[in-house]
Amino acid sequence: MHELSLCSAIADTVREHTAGRRVERVTLQIGYLRQVVPDTLLFCWGFITDGTDLAGSELVVDHIPARISCRACGATTEIDRPILVCGSCDGTDVELISGDEFLVESIDVESVREPTQEIH
Ligand SMILES: [Zn+2]
């Protein structure tokens, strides 16, 4: 399943950045053209983190609309179909501005105390 492998990749990224600290929330930026089903993604996140160090963490999806810029007339079009056509002149010589994102925007970890103040 597409979403399951995505969640697995997200979990790897989160672990790389949190080094065992308790994760409360992970915010993702997902572009429209990624065709990710949010409910499925959230379900998979619960499934993949259950019983692990990431159990109970919340996954928040920040949806990025797809926008294209037309090279012919300069218009910017927000598209709601995965078809790259200018909304102003129907031209197809367009450049994708946004909508292809898939990244971890932020990771919130439990703030118990500042790790930098620990002395080993
Ligand atoms: Zn155009």
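Above this text you will find the structure in question.
Please read all numbers here as calculations on a predicted model, not as lab measurements.

Rules and cut-offs
- Residues numbered from 1 in each chain as written.
- Predicted model: local features only at pLDDT ≥ 70, side-chain atom pairs only at ≥ 80, totals over all residues.
- Heavy atoms only, no water.
- Donors = N, O, S within 2.8 Å, 3.2 Å for Na, K, Ca; no water.
- Tetrahedral: all angles 85-135°; square planar, octahedral: opposite > 155°, others 65-115°.
- Buried < 20%, exposed > 50% of the residue type's maximum accessible area, 1.4 Å probe, protein only.
- Pairing = 2+ DSSP bridges.
- Helix = DSSP H or I, 4+ residues; strand = E, 2+ residues; numbered from the N terminus.
- Axes fitted to C-alpha atoms, helices over the stretch in contact; angles between N-to-C directions.
- Expected span 1.5 Å × (residues − 1).
- Arc of directions from axis to C-beta.

A. Highlighting the coordination of the zinc ion. In this structure, Cys70 (SG), Cys73 (SG), Cys86 (SG) and Cys89 (SG) serve as the protein donors to the zinc ion, at separations of 2.3 Å. Around the zinc ion sit four donor atoms; with metal-centred angles ranging over 106 to 115 degrees, the donor geometry is tetrahedral. Each donor residue of the zinc ion lies on the same chain, and together they follow the pattern C-x2-C-x12-C-x2-C. By relative accessible area, which is 1% here, Cys86 ends up buried.

B. View of the sheet that holds strand S5 (residues 94-98). Taken in spatial order, the three strands line up as S4-S3-S5 in an open sheet, and their pairing is antiparallel. Since the sheet does not close on itself, it has two edges, and those belong to strand S4 (76-79) and S5, each with one partner. Strand-to-strand twist of the sheet, defined as the mean angle between neighbouring strand axes without regard to direction, takes the value 30 degrees. Inspection of the sheet shows strand S3 (residues 66-70) paired to S5 by four bridges, in the antiparallel sense. Note on S5: the bridge partner recorded for Cys70 is Val94.

C. Inspection of helix H1 (residues 2-18) at higher detail. With 17 residues, H1 extends 25 Å between its outermost C-alpha atoms, agreeing within 8% with the 24 Å of an ideal straight helix rising 1.5 Å per residue. Listing the buried residues of H1 in full gives Glu3, Leu6, Cys7, Ile10, Ala11, Val14 and Thr18. Along the long axis of H1, the arc covered by the buried residues comes to 140 degrees, so they all point the same way. Remark: Ala19 follows H1 within two positions and exhibits a positive phi of approximately 50 degrees.

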